[in-house]
Amino acid sequence: MKKLVEIKDVCKIYNPGENEVRALNHVSLTIGEGEFVAIIGQSGSGKSTLMNMLGCLDTPTSGKYFLHGQDVSHMTDDEQSDVRNREIGFIFQGFNLIPSLTALENVELPLIYRGVGKKERDRLARAALKSVGLAKRMTHKPNEMSGGQQQRVAIARAIAQAPPILLADEPTGNLDTASTKEIITIIKRLYHEGRTVIIITHDPGIAAQAKRIITISDGMIKSDIINPEYKDEI
Amino acid sequence: MGTFGEYIKSALSSIKNNKGRSFLTMLGIIIGISAVLIVLIIGDGMKATVNSEIDSMGASSISVSLDDTKTDKKFTRSQLKDIEESIDNIYGISPSFTVWGNTSNNRGEAFELYISGESEASETASGVKVLHGRYYNASDVEDGKQVLVISQTFARHIFGYEEVVGETLDVTAYDITKEFTIIGVKEDTPIDIAFAGFGEDIILTASGPYTSLAEAFNFDVDDMFNSFTIYLDSENRNAVLAKTRSVVENITGLRGENAVKISSGSGFDETTNSILDIITSVVAIIAAISLLVGGIGVMNIMTVSVTERTREIGIRKSLGARTSSILTQFLAEASILTFTGGVIGIIFGLTVSFIICRIIDFSFSVNPVLVIVVVAISTGIGLFFGIYPAKRAANLDPIEALRNE
Ligand SMILES: Nc1ncnc2c1ncn2[C@@H]1O[C@H](COP(=O)(O)OP(=O)(O)OP(=O)(O)O)[C@@H](O)[C@H]1O
Ligand SMILES: [Mg+2]
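Caption draft 1: View of the overall build of chain B. Scanning chain B from N- to C-terminus turns up 13 helices and eleven strands. A sequence separation of at least 24 residues applies to 77% of the contacts in chain B between residues at least 6 apart. If you sum the accessible surface of chain B, you get close to 19,300 Å²; carbon and sulfur atoms cover 58% of it.

Okay, here's the thing in structure tokens:
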């Protein structure tokens, strides 16, 4: 398996000094291409901090982060933007759609920043929305859709330009059971289609569906196991 | 740069999504731009109208003099002739000097005389109207004929009636007495009347060839004039003014010495124009301040917009938007607002100034450069006042921005 993500001895310290918070405390982690990883832990354990690091939204206080073998730990803002655009699809707990844009326009955003032409952009965005079952909701604005539908738009946006990594931070945190099932099913399907999926959750039920489970506590990795109960089915 | 179009599009849609607010922002710019435009156009119209009224006033004059602090030279008789021949579209030129003298009528009453010695061109000065006889002509001047053209008042006081052509008159000045023949009587001008009625002494006014007056009272015509007057029609004024200095400098040999002073007649139009310009600039500055206030309004709204859309900026950055993309988007929004405001302001300003010019009967003309400058200024205001909030937006930390509710 080729290394995709390699984190070496990473620390993230907030408010250095007396009241410092070590959100990540000497974390090392390697994730290969095509893995399905769940990161689980208590609230405040550092999950989101780790995800921001992995997603190149944040840089470590110390340590190194290699993505596709490239050192991305100390890049400029614009370089980070480019890496995010190329490598990473985000799925957030709060959906993070732009309320003034339609579903289609939201999905087109990363393609615009990628510099994809109008026609190709339209084609890719429509295909992505179709693959999450939203062919009929393309021109709807976020406030005209249910939470589950909004999260599906967000997933379509994350996969529209086919990034190698999908990063999902509590993707079902705001959803009811039925929608949760729907979203998890889509995420699993994306994994089966060959994407690397990293899902952050504090719900053991969801973590149990991943192939590899990493437990984190107080900014440190407590365990990193291959899920014995993993069932290779959608 | 296909993506640039996208930034414009997202700027447009954000303007559309906040119609009320966008309109209020533009209103500041609209009022500012149209105020500036109205002031400048009406100012121009006022100037053009006043100037065309001055131009249509007919007879006019320009006076030329030598600065005696810069040169000792005087205009000689032959130089004056050369100058007259070298300038087109004029009635003629005339030097001027004054003889203060005395005379008395046949009842023994004494009168003071104010006699101006000029060339025949002075007949074309505004207000000169010969009632009886004729004005002195070129050959009278050439030959130094001892003739006078007197005012109506003059004739009545000395002779008791007006038709006195052919009568003679003894004039005493500088202890010399000479006899002059009256060849014409001209209508009283306000000046003639004022001289005659001013104070206790009656002063009578007349005019004669400068050559003969100089000769009669022992003046040297070639060493007495450091000024002369050009008589012309108002409509040729600008063309003549443009030529006069070089002609005079060439003929007098004073090139480059800055010794020739030209004053445009009474100076009425120059003074009026500069007063009009001052009024226009003062009002334009006030209007420009309102434009500045409009610009600050843009900055205010853009700041609100950035604050409100912090999360959106975070989302865009997480999806790969670069600093420059966000900057462009917000600058585009500010510029579109002010550009549109500018265009509406121009249409509004032109309409209003057209109507006002119609109502108060000013000539209405629009300098296209002015319009272009105004559009450029309004877009510039958008960029200038948009930069601060746009920079703030572009430099937001994506994590912080995403956390914003
Ligand atoms: N910007 C910040 N400044 C200071 N401390 C922070 C900041 N962001 C996170 N922290 C702290 O870092 C620690 C880890 O936070 P993090 O958001 O990663 O937790 P989490 O595991 O995602 O929790 P949750 O499950 O509630 O989302 C927490 O103690 C938090 O208070
Ligand atoms: Mg979290």
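Caption draft 2: Looking closely at the sheet that holds strand β3 (residues 36-41) of chain A. Residues and elements named next belong to chain A. In space, the six strands of this open sheet follow the order β6-β7-β8-β3-β9-β10, with mixed pairing throughout. Across the chains shown, the open sheet's two edge strands, defined by having one partner strand only, are β6 (88-91) and β10 (220-226). Shown here is a sheet whose adjacent strand axes are inclined to one another by a mean of 15°, direction ignored. Alignment of β6 against strand β7 (residues 165-169), held across four bridges, turns out to be parallel. Paired with Ile88 across the two strands is Ile165, which belongs to β7. Sheet strands touched by helix α5 (residues 147-159): β6 and β7. Its angle to β6, the strand with the most contacts, is close to 170°.

Caption draft 3: Quick peek at the interface of chain A and chain B. Taken together, the contact pairs 26 residues of chain A with 22 residues of chain B. The tally of links between chain A and chain B comes to one salt bridge. Contributing elements (two or more residues each) for the side of chain A that touches chain B: α2 (77-87), α3 (103-114) and α4 (118-131) of chain A. When residues in the side of chain A that touches chain B are grouped by element, the largest group, six residues, is from α2(A). Classifying every residue of the side of chain A that touches chain B by side-chain character gives ten nonpolar, seven polar and nine charged.

Caption draft 4: Layout of the sheet that holds strand β2 (residues 21-32) of chain A. Residues and elements named next belong to chain A. Overall, antiparallel pairing links the four strands, which are arranged β2-β1-β4-β5 in an open sheet. In the strand order of this sheet, the two ends are held by β2 and β5 (70-71), each with one partner. Across the face of the sheet, helix α1 (residues 47-54) comes into contact with β1 (3-14), β2 and β4 (62-67) while running at roughly 125° to β1.

Caption draft 5: Spatial organisation of the site of ligand 1. Close contacts around ligand 1 come from 14 residues, with A:Ser43, A:Gly44, A:Lys47, A:Ser48 and A:Thr49 the closest. Around ligand 1 the close residues trace back to chains A and B. One nitrogen or oxygen atom from the side chain of A:Thr49 is found 2.6 Å from an oxygen atom belonging to ligand 1. Measuring from a nitrogen atom of ligand 1, one finds a side-chain N or O atom of B:Arg403 at 3.4 Å. Burial of ligand 1 by the protein amounts to 67% of the accessible area it has alone, namely 640 Å². Looking at the shell around ligand 1, the elements with two or more residues in it are β2 and α1 of chain A. For the shell around ligand 1, a count of residues per class yields three nonpolar, eight polar and three charged.

Each value, and the rule that gives it
Residues numbered from 1 in each chain as written. Chains lettered and ligands numbered in written order. Predicted model: local features only at pLDDT ≥ 70, side-chain atom pairs only at ≥ 80, totals over all residues. Heavy atoms only, no water. Helix = DSSP H or I, 4+ residues; strand = E, 2+ residues; numbered from the N terminus. Contact = heavy atoms within 4.5 Å. Areas by Shrake-Rupley, 256 points an atom, 1.4 Å probe, with all protein chains shown as cover. Pairing = 2+ DSSP bridges. Axes fitted to C-alpha atoms, helices over the stretch in contact; angles between N-to-C directions. Salt bridge = Lys/Arg side-chain N within 4 Å of Asp/Glu carboxyl O. Nonpolar A, V, L, I, M, F, W, Y, C, P; charged D, E, K, R; others polar. Near = heavy atom within 4 Å. Polar contact = N/O pair within 3.5 Å; in protein donor to acceptor, adjacent residues only side chain to side chain.

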